[in-house]
Amino acid sequence: TVSNSEGVKLAAEAGMERVVLARELSLEEINTICHGTDTEIEVFIHGALCYSYSGMCLFSSMLGGRSGNRGRCAQPCRLPYKVECYGKKTGSQKEEYPLSLKDMCTIELLPEILNAGVYSLKIEGRMKKPEYAAGVTRIYRKYLDLYEKNPASYHVEKSDFEELLELYQRDGFSQGYYRQHNGRNMVALENLKQ
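Computed from a predicted model, the values in this text were never measured in an experiment. Positions within a chain are numbered from 1, following the residues in the order the chain's sequence is written. For a predicted model such as this one, the threshold for reporting local features is a pLDDT of at least 70, and the threshold for listing and counting side-chain atom pairs is 80 or more; totals across whole chains, interfaces and linings nevertheless cover every residue. Computation of side-chain values covers all heavy atoms of the structure but excludes hydrogens and water.

Caption draft 1: Structural context of the overall build of the protein. Strands here are runs of E lasting at least two residues and helices are runs of H or I lasting at least four, both read from the DSSP assignment and numbered beginning at the N terminus. Counting its regular elements, the protein contains six helices and seven strands. Secondary structure elements of the protein, listed N to C terminal, follow the sequence α-β-α-β-α-β-β-β-α-β-α-α-β. C-alpha atoms define the radius of gyration, and 2.2 Å times the number of residues to the power 0.38 defines the globule rule. Whereas a compact globule of 194 residues would reach a radius of gyration of roughly 16 Å, the protein reaches 18 Å, a difference of no more than 12%. Counting only C-alpha atoms and orienting by the principal axes, one finds that the protein spans roughly 55 × 45 × 30 Å. Using the Shrake-Rupley algorithm and a 1.4 Å probe, accessible areas are obtained, with residue cover drawn only from the displayed protein chains. Summed over all atoms, the accessible surface of the protein reaches about 11600 Å², with 52% contributed by carbon and sulfur. Residues scored as charged are limited to Lys and Arg (positive) and Asp and Glu (negative), so that His and the chain ends carry no count. The atoms used to mark charge sites are NZ of Lys, CZ of Arg, CG of Asp and CD of Glu. Mean positive and mean negative side-chain charge positions of the protein (25 and 26 charges, respectively) differ by 8 Å.

Pasting the structure below:
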């Protein structure tokens, strides 16, 4: 949940060599933090986003008896819910997942993330199949190598983006908080996989 330069400084003073930043930071904020420290900075680039701030959530422990703060999230935010306002259901009939965020995919933002000064890239993969971890890692590795060879011609092939979608996603991808603070387009309101 480190979200500013002061937090990075405190972690470094405690002897930490690398700090994983909160997923809710913008690219601009990450850039500022990276250029203000010698500490290695790691950021999330692909995978699940938590509805709660950086996974600091009591919902799972209250509803399912398993704490997300202890790495045992039961993922209650991925369940269907009905949202009502003054006794009337809001949204369309199909919009049953108001707390389930789309997975993050930043393959198109990779050059900007690297130019911000990020040292290490983190792919979320808790409880995913080995094929997911291997496939996502292979595709990001390919684009890291392509960017290193020729930064000016960086572009993502449609087939690779589609393969990322096939490996795992919740009703499409978002780019997380890198370019926007919040938004309806970040939420997988429907379960299109059904």
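Now, onward.
Caption draft 2: How the structure looks around the environment of Thr137. Structurally, the position occupied by Thr137 is in helix α5 (residues 130-149). Here the alpha-carbon distance between Thr137 and Gly71, two residues 66 residues apart in the chain, equals 22 Å. From its side chain, Thr137 meets the backbone oxygen of Ala133 in a polar contact 2.6 Å long. We call two N or O atoms a polar contact when they sit within 3.5 Å, provided that within protein one can donate a hydrogen and the other can accept it, with sequence-adjacent residues counted only if both atoms are side-chain atoms.

Caption draft 3: Expanded view of the packing of aromatic side chains. In summary, the pairing rule links any two rings of Phe, Tyr or Trp, Trp by its six-membered ring, whose centres are within 6.5 Å, and it sorts them by plane angle into stacked for under 30 degrees, edge-to-face for over 60 and tilted for everything else. The tally for this structure, following the rule as stated, stands at five aromatic pairs. Here the aromatic rings of Phe59 and Tyr81 are separated by 6.2 Å at their centres, their planes lie at 35°, and the arrangement is tilted. Of this pair, Phe59 sits in helix α3 (residues 59-64) while Tyr81 sits in the loop between α3 and β3 (84-85), and the two are 22 residues apart along the sequence. Seen from their ring centres, Tyr143 and Tyr154 are 5.9 Å apart, and the 70° between their planes marks the pair as edge-to-face.

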